[in-house]
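# Breakdown of the fold
Residue-level listing of the chains:
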Amino acid sequence: MSAAIARVGVVGGGQMGAGIAEVCARAGLDTVVCEADATAARAARERVASSLERAVERGKLAPTVAQDAMARLVFTGELDALADRQLVIEAVVENADAKTEIFAALDKIVEDPNAILATNTSSLPVMRLGMATGRADRVVGLHFFNPVPVLPLVEVVTSLHTAPETATGIERFATETLGKTVIRSRDRAGFVVNSLLVPYLLSAVRMAESGFATAADIDTGMELGCAHPMGPLKLADLIGLDTVASIAESLYDEFREPLYAPPPLLQRMVEAGLLGRKTGRGFHTYVQD
């Protein structure tokens, strides 16, 4: 990369996109968040503002730092606002068609041929997204973990087309600018973390589905018996059961291993809109903010 990244765009202002935008703004970067429309853009702004406010209340962030971060953020419903970005990070719903459409549009909109187009996908092939553009060598996976401002890990995922300088540049950005720890993964469904994590979560779902143990006992067992900070069903609720199901489907489509197949209970809960923390009910019940 010929110049340090100073102008970042984030497509999607949901839980993950808002978190990515927040860490970029806190790192001193000029950050534009693009949502589907003006209403969604306002909701994204409120999401980031609330997160910064909570960090201040907990003593994790100085009020002036939070104010400066908000001043660096612009929220819009127009994808064209990303034309001058040096890096655009896509963080929309885990759906291959939606992501492919966005990458095809960004390829036409982002003016700098050396700009990096990154995806925060949890499981979809980076190659597929890169091939939707005329610059597959500048497309890379940059997978953050929820909550983004708290968890230090980022997976950098390179496709067969990703240029070495793209991977090196984005890793430098994640470590030196954002202060994250990077692990590298090849472009296969689930990458490193979800390839290991999702079968564990699905096993817990099957255990609850069979009536072998309650959700509360499954989580308590792993928290107190294995020193996990959060039980598997609480973690699935935090991630979002729709996201867990999507990752499982991607893993199963690629490997055809039964351990990756989403259990019927998980599929029914997604159909019912019981998605975990973000809807107030999943395997556990939550008080909405």
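We now turn to the structure provided with this report. (Residues numbered from 1 in each chain as written. Predicted model: local features only at pLDDT ≥ 70, side-chain atom pairs only at ≥ 80, totals over all residues. Heavy atoms only, no water.)

The next subject is the overall build of the protein. Helix and strand content of the protein: 11 helices and eight strands. Within the protein, the proportion of its 289 residues that are buried is 49%. Of all intrachain contacts in the protein linking residues separated by at least 6 positions in sequence, the fraction that spans at least 24 positions is 67%. A distance of 3 Å separates the average location of the 27 positive side-chain charges in the protein from that of its 36 negative side-chain charges. (Helix = DSSP H or I, 4+ residues; strand = E, 2+ residues; numbered from the N terminus. Buried < 20%, exposed > 50% of the residue type's maximum accessible area, 1.4 Å probe, protein only. Contact = heavy atoms within 4.5 Å. Lys, Arg positive; Asp, Glu negative; His and termini not counted. Charge placed at Lys NZ, Arg CZ, Asp CG, Glu CD.)

Two strands pair when backbone bridges link them, and strand β7 (residues 153-158) and strand β8 (residues 181-186) are joined in this way by six bridges, in the parallel orientation. If you follow Glu155 over to β8, its bridge partner there is Ile183. Between β7 and its parallel partner β8, the chain crosses via helix α6 (residues 164-177), and the hand of that crossover is right-handed. (Pairing = 2+ DSSP bridges. Right-handed = clockwise from strand over helix to strand, strands pointing away.)

Summed over all chains, the structure comprises one aromatic pair. Here Phe255 and Tyr260 contribute two aromatic rings whose centre-to-centre distance is 5.7 Å and whose plane-to-plane angle is 40°, an arrangement assigned as tilted. (Phe/Tyr/Trp six-rings, centres within 6.5 Å; stacked < 30°, edge-to-face > 60°.)

This paragraph deals with helix α7 (residues 193-210). Under the 1.5 Å per step criterion, the end-to-end length of α7 is 26 Å for 18 residues, consistent within 8% with the ideal 26 Å. Among all positions in α7, only Asn194, Ser195, Leu197, Val198, Pro199, Leu201, Leu202, Ala204 and Val205 are buried. Along its buried surface, α7 packs onto β6 (139-144), α8 (215-225), α9 (232-239), α10 (241-255) and α11 (264-271). A positive backbone phi angle near 80° is found at Gly211, which sits one or two residues after α7. (Expected span 1.5 Å × (residues − 1).)

A separate point is the side chain of Ser250. Along the chain, the position of Ser250 falls in helix α10. A relative accessible area of 15% means that Ser250 is categorised as buried.

For the coordinates displayed, the defined rule picks out 11 salt bridges. A salt bridge links Arg7 to Asp84, with the shortest nitrogen-to-oxygen separation between them at 4.0 Å. Of the two residues, Arg7 is situated in strand β1 (residues 7-11) and Asp84 in the loop between β3 (73-76) and β4 (87-90); the sequence distance between them amounts to 77 residues. Residue Arg7 is classed as partly exposed on the basis of its relative accessible area of 31%. (Salt bridge = Lys/Arg side-chain N within 4 Å of Asp/Glu carboxyl O.)

Looking now at the environment of Gly17. Of note, Gly17 is situated in helix α1 (residues 15-26). Note on Gly17: relative accessible area 0%, which makes it buried. C-alpha separation for the pair Gly17 and Val92, spaced 75 residues apart in sequence, amounts to 7.3 Å. If we skip the residues at most four places from it in the chain, Gly17 touches Val10, Gly12 and Ala91.

Between α8 and α9, whose axes approach to 7 Å, the crossing angle comes to 105°. Judged on the interaxial angle alone, α9 and α8 are roughly perpendicular. From α8, Ala215, Ile218, Asp219, Met222 and Glu223 reach across to α9, where they touch Pro232, Leu233 and Lys234. Classifying every residue of the contact of α8 with α9 by side-chain character gives five nonpolar, no polar and three charged. (Axes fitted to C-alpha atoms, helices over the stretch in contact; angles between N-to-C directions. Parallel < 35°, antiparallel > 145°, perpendicular 65-115°, else oblique. Nonpolar A, V, L, I, M, F, W, Y, C, P; charged D, E, K, R; others polar.)

Turning next to the pairing of β7. In terms of strand pairing, β6 meets β7 through four bridges, oriented antiparallel. Within the sheet, the bridge partner assigned to Leu142 lies in β7 and is Val156.

The next thing to look at is the environment of Arg281. Mapped onto the elements of the fold, Arg281 is located in the segment after α11. Residue Arg281 is classed as partly exposed on the basis of its relative accessible area, which comes to 46%. For the pair formed by Arg281 and Met269, sequence separation is 12 residues and the distance between their alpha carbons is 9.6 Å. Beyond its immediate stretch of four places on either side in the chain, Arg281 contacts Leu274, Leu275, Gly276 and Tyr286.

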